[in-house]
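Structural overview for review
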Amino acid sequence: MSIQRLGVFLAAGFLTSCMVGPDFKVPQAEVERQWMERKAVSGKPYGEPEIFWWRSFNDKVLTRLVQMAYENNLSLQAAGARILQVRAALNHSIGNLFPQQQGLSGALDYTYIPPSNEGSSSGSSDPVINALAQNLSQQKQGFSIGPNLLTDQALFAATWEIDFWGKYRRKIESEKANYLSTVAAYDDALVTLIGDVANTYVNIRTVQREIVITNENIELQKESLRIAQVRYQSGETSELDPSQAQTQLLKTQAEVPSLETSLRQLENSLAVLIGQTPNKVNALVKTGVIPSVPASIAAGIPHDLLRRRPDVRQAGLLAASKCAMIGVQVAQMLPALSLSGSFGGTASNIGNQQLSDLFNLQDAIVNVGANIAMPILNYGRLINNVRESDAIFQEAILNYQNTVLAAQKDVENGLSQFHNGRTSTAVLAEAVKSAKLSTSLALARYMAGQSDYTTVLSAEQALLSVELSYTGAQNAAALGAVNTYRSLGGGWQIRNGGDVISEAVKKQMAERTNWGRMLAPKNHLPAIAPEDRSAESVPRSRPLWDLLNINK
């Protein structure tokens, strides 16, 4: 059989060969039909306002902070670099479809052969050289090898294990699923980052409002203390009234440093999220109010979480990666067919030969061989490798199912927090009005001598408590909206049309290493949006070119 026919036969066998191991199917997961907290869910479908949900708060500062975090957060940049790392690993696995071992070797040897007693140069201590000299002397009388012997050699050799059982194609499947999971992990990190920025921002505005409320109450209590001191000095009351007033004032004033510490810590946390130093944050969030929340949230249906939430997609892709690895381990137990070959030449300066004869194709050295290897004595180790991979895959299935359940829990918790926070806000808004009126009436009655200072004290304590509770309810409603939107999986779409690593980072990497075209977004990011990617099972007859395409 000619080499051309052998190549055609092997190529046909490679393309029609089987792939051992199970084919991945999306695991079944328990999903509720509709959200339990239906009062908080609007009838509108989940759309663009929920994708870029932070804009619905109509807060320019929050929108700016989210953009700064997307552009500058270092943890997010690290997740982007991880995509390039795994993309390179995928390219490495694709390279195994070609000859796994390839090499070009060259050699130039010099040997000095001391003359013999007869004057010929056949006195080498090398038995190979002596044998060669004797052979040539027999062929041609009077022929001898000079004392300076040069030989050169150039050889190309390759070994190719045919992927008959799909070992390398399963590895590509695994690496491709792992690569797509890192893209999902980046999206999940982006969703989490946006949620953390919004949460921190809401908490900053809440603490700022609490400081304002506390200072307003301090001024009110200072006035109460002044009135109590005037009445005491005029002999209308005992010393107990100003003493009680001063105690309440000092207690309220002591709350301010604690609140300012909390505010500073929140601003420092925000600085890390947006990739800035703490001294630059204060100017960004200097003044503002707690973001207002909508009356309801377009949450869609629970089943949408399976394709929309990045962490659910990541868990599913990791399960697909582990499934493909079972096939890799099964293939290790089966016979392996390898082809090996070498091509090259050798030359020397013996007799009429020249070192340049190395490139004479008529004298080229060609060696072709095949090898079949079958593991027998290590079967127990190999079968346990398969079992280990299967257990890892089962663990990934359970993690996927648990991630789906946790996603529904997150949304339900967010909706409940949002709905109850709004309800409490409406009630406490009326309570604040009543508390302010009660405080004014109590102080007026005290000034008129119609009640003692205990009534004023109780009214002021109630006012401060109710105002802080009202602020806390506003905070709960805003955080509930943020947590619900984050749990719905929106926000990662902000990266569409952009890249997962900044130009500065890409410049650093390009200066260190030859990345070729991989730093271009189209070469390390899939073109198909994760929400539009099919979640169906991977067929066994999947064409090879589909495996090599990151968009399929």
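About the thresholds
- Here, residues in each chain are numbered from 1, in the same order as that chain's written sequence.
- The predicted nature of this model means local features are confined to residues of pLDDT at least 70 and side-chain atom pairs, given and counted, to a pLDDT of 80 or more, with totals for whole chains, interfaces and linings taken over all residues.
- Hydrogens and water are ignored here; the side-chain numbers use all heavy atoms of the structure.
- Think of a salt bridge as a Lys or Arg side-chain nitrogen and an Asp or Glu carboxyl oxygen that are within 4 Å of each other.
- A simple rule labels every residue: compare its accessible area, found with a 1.4 Å probe on the protein chains alone, to the largest value its type can have, and call it buried under 20%, exposed over 50%, or partly exposed in between.
- Helix and strand assignments come from DSSP, with helices taken as H or I runs of at least 4 residues and strands as E runs of at least 2, each series counted from the N terminus.
- Residue contacts are counted whenever heavy atoms from the two residues lie within 4.5 Å of one another.
- Lines fitted to the C-alpha atoms define the axes, with helices restricted to the stretch that makes contact. Angles between their N-to-C directions range from 0 to 180 degrees.
- Here the word oblique covers every angle except those under 35 degrees (roughly parallel), over 145 (roughly antiparallel) and from 65 to 115 (roughly perpendicular).
- When residues are grouped by polarity, Ala, Val, Leu, Ile, Met, Phe, Trp, Tyr, Cys and Pro land in nonpolar, Asp, Glu, Lys and Arg in charged, and all others, Gly among them, in polar.
- A helix's residues, less one, multiplied by 1.5 Å, set its expected span.
- Picture the helix axis, draw a direction to every C-beta atom, and the arc is the one those directions span.
- A pair of strands is labelled paired if DSSP reports no fewer than 2 bridges between them.

1. Describing the pattern of salt bridges
Enumeration according to the criterion identifies 20 salt bridges in this entry. Here Asp311 makes a salt bridge to Arg309, at a shortest N to O gap of 2.6 Å. The same class applies to Asp311 and to Arg309, which are both buried. In the salt-bridge network here, residues are joined through shared partners; they are Arg309, Asp311, Lys409 and Asp410.

2. Some thoughts on the environment of Ile372
Relative to the helices and strands, Ile372 is located in strand β4 (residues 365-373). On the basis of relative accessibility, which here comes to 63%, the residue Ile372 falls in the exposed class. A C-alpha to C-alpha distance of 4.6 Å links Ile372 and Leu337, two positions 35 residues apart in sequence. For Ile372, the contacting residues outside a window of four places in its chain are Pro335, Ala336 and Leu337.

3. Things to note about the packing of helix α7 (residues 240-253) against helix α13 (residues 453-487)
A pair of packed helices can be characterised by two numbers: the angle between their axes and the separation between those axes. At their nearest, the axes of α7 and α13 sit 10 Å apart, and the two run at 10° to each other. As summarised for this structure, α7 and α13 are arranged roughly parallel, according to the angle between their axes. Residues Asp241, Gln244, Ala245, Gln248 and Thr252 of α7 touch α13, and the partners they reach there are Tyr453, Thr454, Leu457, Glu460, Gln461 and Leu464. Across the contact of α7 with α13, the residue classes tally to four nonpolar, five polar and two charged.

4. Observations regarding helix α8 (residues 255-273)
Between the first and last C-alpha of α8 there are 28 Å, a value that for 19 residues agrees with the 27 Å anticipated at 1.5 Å per step. For α8, the full list of buried residues reads Val256, Leu259, Leu263, Leu266, Glu267, Leu270, Ala271 and Leu273. In an axial view of α8, the angular spread of the buried residues amounts to 155°, which keeps them on one side of the axis. Where the residues of α8 are buried, they touch α3 (60-72), α6 (167-233), α7 and α9 (281-284). Where α8 terminates, the next one or two residues include Gly275, which has phi positive at roughly 70°.

5. Looking at the sheet that holds β4
An order of β1-β2-β3-β4 is seen for the four strands of this open sheet, with the pairing classed as antiparallel. Only two strands of the sheet have a single neighbouring strand rather than two, namely β1 (101-112) and β4. When the angles between neighbouring strand axes are averaged without regard to direction, this sheet yields 15°. Pairing of strand β2 (residues 148-161) with strand β3 (residues 336-348), which is carried by 11 bridges, proceeds in the antiparallel orientation. Residue pairing across strands places Gln153 opposite Thr346, the latter belonging to β3.

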